Amino acid sequence: MSETTNGHHRSHQQKKVIIIGAGVGGSAAAARLAKNGFQVEVYEKNEFSGGRCSLIHKNGHRWDQGPSLLLMPKLFEEAFADLGENIYDHMEIRKCPINYRVYFHDGKSVELSSDLAALKRQVEAFEGDNEQTLLNFTAWLKETHIHYEHSVRFALKTPFRSIWDLIKIKYLPELFNLHLFESVYRRAKKYFKSEHMIKAFTFQTMYMGMSPYDSPGPYSLLQYTEIAEGIWYPKGGFHKVVEKLEHLARDKFGAKFHYNQPIRKIITDKNDKATGIELEDGTEINADIVVCNADLVYAYNKLLPPTKYAENLATKEHTSSSISFYWGLKEKVDKFSVHNVFLASAYRESFDEIFKKHTLPSQASFYVNVPSRIDSDAAPEGKDTMVVLVPTGHMTNMPGDMDALVARARRQVIDVIEERMGIKDFASYIETEIINDPRTWGEKFNLWNGSILGLTHSVFQVLAFRPNLKSPVFKDLYFVGASTQPGTGVPIVLCGSKLLADQIMLDHGKTSNKANNSLTPMTILLPFFFLILYGLAKIFGLI
């Protein structure tokens, strides 16, 4: 090994890695792999980085196109620490004064925060000011803490290269502790009696693109991290995370980034080895390793030769899409907090319409983000910048008249805001408007059926059942992003970038060795035990 002038190690015979897509996963993977001595080049179809984690600018307003809540800050800190950096040397991350203001259909509202004393009083207003309320709330908080700690260790930082990794005896206690076969909603009902609080502590699954009635119990880790660690926002927009990762990958470790370079296909040889990429203009670029940060289902079905594996992926359960409104308001509307949630009265029905009928709910629950409330640079002086995210079905069964659905969603949002916040003629405040709908997500970001967060996290689409970081079909092809292990969400994808780099180092680096997947009678029987557990849970209505 030899050392370069900027302090990172390079091998004498570098292997070349091409990364498709400059999203969070692609940029983080580029930095990690370049740091480990690989020659890295990133090709991005758009003129900007970040993918869904990008920015929109117009008339002095700045909107986060996708993620707007920085959760699980420790995982961001760890990602930068792995690159030899302190994240706080690269960006200012501000804590939101409160987590959300949640508005219910009956005119009531609640403020959720990381201030436990204040949160306790908010819960007591709905659950009753008595000892049992406190006991229930602390018991729920303890459970969500267990879900958080075990999920981070077991699901986010453990590689599942095959089913045998999942069924090791040492992991069985983890599976039982995670309430994997119960839903987030069902677990919340064990601790809260009022529908208001059950809704307030389950709607967060929308940020995973899932229904709380279908999300496995461990995903209450979202509620825990919000309460224990708070919700944060990078000054300048969420894109700052990607921007700084790219800066480190390029300027510290020597990776190259190419924009406005859409990919026509991933090149494979007769031995099913990925050997490079072909750009839309016909240019072929060779590589030893290809890493795909494009949507996994799209990549297998559109960029690679046809396979049964690709057909199977296309039929798997996907997360929701969204109709997102990016509004520039002509003046500040101080009634809004940074994060605001409006929940439908027909709570379950609205989720069923999204996830079972794949359409816009008759009554939509929706999220409103006002970044200018925490970062004044997001809007011109005296004005507000607002993002409204209305979850809707992806395009599998979406009715043909999408424009009519968008118009209906817009009317619903404005009517609900006016009614629940007492704001008259709210539409008159909107002077700038940009809209993303399922068509946009599909066309701009190649998201399969416009699904904004990829494959769902149902029981048999997580852990070892989720598509592997290493392609089981094509040699030297790897994936990073929402639809591969460990899952969707920016901090989770950052964990995925580390697992990916470790896998590539295992396969191609000096630490290369073969995993021991030898079978024993116990490991052969364990899958059947796992399936029996699942069957019993079904029979007794636990899932």
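Here the structure is shown first, and the text comes after it.
Definitions and cut-offs
- Residues numbered from 1 in each chain as written.
- Predicted model: local features only at pLDDT ≥ 70, side-chain atom pairs only at ≥ 80, totals over all residues.
- Heavy atoms only, no water.
- 1 Å grid on protein atoms, 1.4 Å probe; cavity = no way out; pocket = protein on both sides within 12 Å on 5 of 7 lines; lining within 4 Å.
- Points joined across faces, edges and corners; volume = space filled by probe spheres on them.
- Nonpolar A, V, L, I, M, F, W, Y, C, P; charged D, E, K, R; others polar.
- Helix = DSSP H or I, 4+ residues; strand = E, 2+ residues; numbered from the N terminus.
- Polar contact = N/O pair within 3.5 Å; in protein donor to acceptor, adjacent residues only side chain to side chain.
- Contact = heavy atoms within 4.5 Å.
- Axes fitted to C-alpha atoms, helices over the stretch in contact; angles between N-to-C directions.
- Left-handed = near helix turned anticlockwise from the far one by under 90°.
- Pairing = 2+ DSSP bridges.

### Regarding empty space enclosed by the protein
Inspection of the entire model under this criterion finds four cavities of 30 Å³ or more. Estimated volume of the largest cavity: approximately 170 Å³. Forming the walls of the largest cavity are 16 residues, and the residues nearest its centre are S151, A155, Y219, V462 and L463. Across the lining of the largest cavity, the residue classes break down as 13 nonpolar, three polar and no charged.

### Notes on the side chain of D476
Inspection of the secondary structure assignment puts D476 in the loop between α15 (438-445) and β21 (477-479). Polar contacts involving the side chain of D476 include one to the side chain of K273, which spans 2.9 Å. Sequence-distant contacts of D476, that is, excluding residues within four places in its chain, are made with K273, A274, D288, I289, V290 and H508.

### Examining the packing of helix α1 (residues 24-35) against helix α16 (residues 490-508)
Relative to each other, α1 and α16 sit at 35°, their axes nearing to 9 Å. The element α1 and its partner α16 pack so that their crossing is right-handed. In this structure, α1 uses V24, G25, A28, A29, R32 and L33 to contact α16, whose residues at the interface are V490, V493, L494, S497, K498, L500, A501 and I504. Across the contact of α1 with α16, the residue classes break down as ten nonpolar, two polar and two charged.

### With respect to the sheet that holds strand β13 (residues 274-279)
Hydrogen bonds between backbone groups are what pair the strands of a sheet, and the pairing can be parallel or antiparallel. Strand order in this open sheet of three strands is β12-β13-β14, and the pairing throughout is antiparallel. Two strands close off the open sheet at either side, each with one partner strand: β12 (263-268) and β14 (284-286). Taking the axes of each pair of neighbouring strands and ignoring which way they run, one obtains an average angle of 25° across the sheet. Taken together, the three bridges between β13 and β14 define a ladder with antiparallel strand orientation. Looking at β14, one finds that I277 is bridged to I285.

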